[in-house]
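Architecture and fold: a report
Spelled out, the chains give:
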Amino acid sequence: MADCDWALALHGGAGTILKEMMTPEREAAYRAGLEAALEAGRKVLADNGTAEDAVVAAVMVLEDDPLFNAGRGAVFTSAGTIEMDAAIMRGSDRAAGAVAGIHTVRNPIRLARQVMEHSPHVMFCGAGAEAFAREQGFEAMPASYFETEHRRNQLREAQKLNQISLDHNDHKYGTVGCVARDCHGNLAAATSTGGMTNKHPGRVGDSPVIGAGTYASNDGAAVSATGHGEAFIRETVARDIAALVQYGCVPLEEAVRRKVLEDLPRISGDGGVIAIAGAGAPVMLFNTPGMYRAALCEGGEAEIGIYGD
Ligand code: ASP
């Protein structure tokens, strides 16, 4: 289809991801996870599906994969509990849905989508979000579904060092996200996370905050972030990138460069973003040593990366 120009990009977190710290088996497992998510998104877009269906399909694969800090395998709070955040935004009408501090929903991104499509609100948190999940027919998963031994060890280590850590800093950021442009030229963004290891219960990061970790507008860009959430909130990273494009200030690549390589480092904000606009290839950029990432454009080859180049 000549006028079909779909594209998508996804991330599985950024941080101190160094080749020397990785075993070949672990690297292969991360690559397989990224490839499976890319394939889930590709299938939707190649079948003429919507950008929001594609980002949800890709993010669900990463939420189900315990290697990534979202859904199953989410990190622990300082109280040894799990509190997950997620958001989705649709670029055509700027509809958005978000959930924060939930602990029983297998795929938080699906609940965020229900908020967007089946409530008059944008964001639900805590007990109210869980109640909404039950109303919408979501099964309550036991804590054991989400918990992994690897994350327990990370919490022990963080508590020993008295640190609140991102999933891949010494393996600390691991939030997942996806941005897509469909055949109709519509954009969408989705982000899902367990947050930061050893975070205070009740702490909410940038991922579910519309304009910070997640944003999409067709006249600007779709953006999903990963990194030190507090800095991304203070820098309104996702909305700034979309606004720079929307108001014709700079092309997407330059907008992303400014936020990730200039504004965030000024306040010690580690992390990266994936972004896509109404035309052209997705942009994936980070100011950390690495970021799990993948991208694909209609008719092109899949690009999968982990380390900095
Ligand atoms: N941005 C997420 C948060 O601060 C963490 C991450 O990207 O891993 O909650």
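Data block above holds the structure.
These notes cover the structure that comes with them. In this text, all values refer to a predicted model and were calculated from it rather than measured experimentally.

1. Digging into the site of the ligand
Near the ligand, the surroundings consist of 13 residues, among which Thr175, Arg203, Asp206, Thr226 and Gly227 are the closest. Between the ligand and Thr226 there is a distance of 2.7 Å, counted from an oxygen atom to a side-chain nitrogen or oxygen. Coverage of the ligand by the protein amounts to 100% of the 270 Å² it exposes when considered alone. Here the residues of the shell around the ligand are counted per class, giving three nonpolar, eight polar and two charged.

2. Points about helix 9 (residues 252–266)
Over its 15 residues, helix 9 extends 21 Å from the first C-alpha to the last, a length consistent with the 21 Å expected when each residue adds 1.5 Å. In helix 9, a bend of some 30 degrees at Lys259 exceeds every other bend along the element. Among all positions of helix 9, only Leu252, Ala255, Val256, Lys259, Val260, Asp263 and Leu264 are buried. Directly after helix 9, the chain includes Ser268, whose backbone phi takes a positive value near 55 degrees.

3. Considering the sheet that holds strand 10 (residues 222–227)
Within the open sheet, the four strands sit side by side as 9-10-11-12. Their pairing is antiparallel. This sheet does not close on itself; its edge strands, each paired only once, are strand 9 (214–216) and strand 12 (283–286). Averaged over all pairs of adjacent strands, the angle between strand axes in this sheet comes to 10 degrees, irrespective of strand direction. Of the strand pairs in this sheet, strand 11 (residues 271–276) and strand 12 are connected by four bridges, and their pairing is antiparallel. Bridge pairing in strand 12 places Gly272 opposite Phe286. Contacting strand 9, strand 10 and strand 11, helix 8 (residues 237–246) crosses the sheet at an angle of about 25 degrees to strand 9. Together, strand 11 and strand 12 form the strand contacts of helix 9, whose direction differs from that of strand 12 by roughly 15 degrees.

4. Overview of the state of the cysteines
Applying the stated criterion across every chain, the model contains one disulfide. With a sulfur-sulfur separation of 1.9 Å, Cys4 is cross-linked through a disulfide to Cys183. Since a negative S-S torsion denotes a left-handed disulfide, the Cys4-Cys183 link at about -75 degrees is left-handed. Taken as a pair, Cys4 in the segment before strand 1 (7–15) and Cys183 in the loop between strand 7 (176–181) and strand 8 (187–193) lie far apart in primary sequence, 179 residues in all. Considered together, Cys4 and Cys183 belong to a single accessibility category, that of buried residues. Cysteine Cys297 remains unbridged, with the sulfur of Cys4 as its closest cysteine sulfur at 11 Å. A relative accessible area of 26% means that Cys297 is categorised as partly exposed.

5. What to know about the nonpolar core
Of all hydrophobic cores here, the largest spans 57 residues; its most connected members are Leu8, Leu10, Phe68, Ile88, Ile109, Leu111 and Tyr292. Ranked by the residues each element gives to this core, the list is headed by helix 2 (residues 51–64), at seven residues. Residues within four places of Leu111 in sequence aside, it is in contact with Val99, Ile102, Val105, Ala129, Phe132, Ala133 and Phe138. With 38 residues, the next largest nonpolar core counts Tyr215, Ile241, Ala242 and Val250 among its residues.

Rules used throughout
Starting from 1, residues in each chain are numbered consecutively following that chain's sequence as written. Only residues with pLDDT of 70 or above have their local features reported here, since the model is predicted, and side-chain atom pairs are shown and tallied only from 80 upward, although totals for entire chains, interfaces and linings are computed over all residues. For side-chain calculations, the full set of non-hydrogen atoms in the structure is used, while hydrogens and water are omitted. If a single non-hydrogen atom of a residue is within 4 Å of a molecule or strand, that residue counts as near it. Within 3.5 Å is the distance limit for a polar contact, defined as a pair of N or O atoms, with the added protein rule that one can donate a hydrogen and the other accept it, and that residues adjacent in sequence qualify only through two side-chain atoms. Surface accessibility in these figures is a Shrake-Rupley result with a 1.4 Å probe; residues are shielded only by whichever protein chains are displayed. When residue character is reported, Ala, Val, Leu, Ile, Met, Phe, Trp, Tyr, Cys and Pro are called nonpolar, Asp, Glu, Lys and Arg charged, and the others, Gly included, polar. Secondary structure is summarised from DSSP: a helix means a run of H or I of at least four residues, a strand means a run of E of at least two, and numbering begins at the N terminus for each. Here, expected helix span is obtained from the residue count minus one, scaled by 1.5 Å. One axis is fitted to the seven residues ending at the residue and one to the seven starting there. The bend at that residue is the angle between these axes. Between buried and exposed lies partly exposed: a residue is buried under 20% and exposed over 50% of the maximum accessible area for its type, with that area taken using a 1.4 Å probe on protein chains only. DSSP-based pairing: two strands are paired if at least 2 bridges between them are found. Whenever a helix is involved, its axis is fitted only over the stretch in contact; in every case the axis is a line through C-alpha atoms, and angles between N-to-C directions fall within 0 to 180 degrees. Contacts: residue pairs with any heavy atoms within 4.5 Å of one another. When two cysteine sulfur atoms are found within 2.5 Å, that pair is recorded as a disulfide. Residues enter a nonpolar core if they are buried and are Ala, Val, Leu, Ile, Met, Phe, Trp, Tyr or Cys, with the set joined through side-chain atoms within 4.5 Å.

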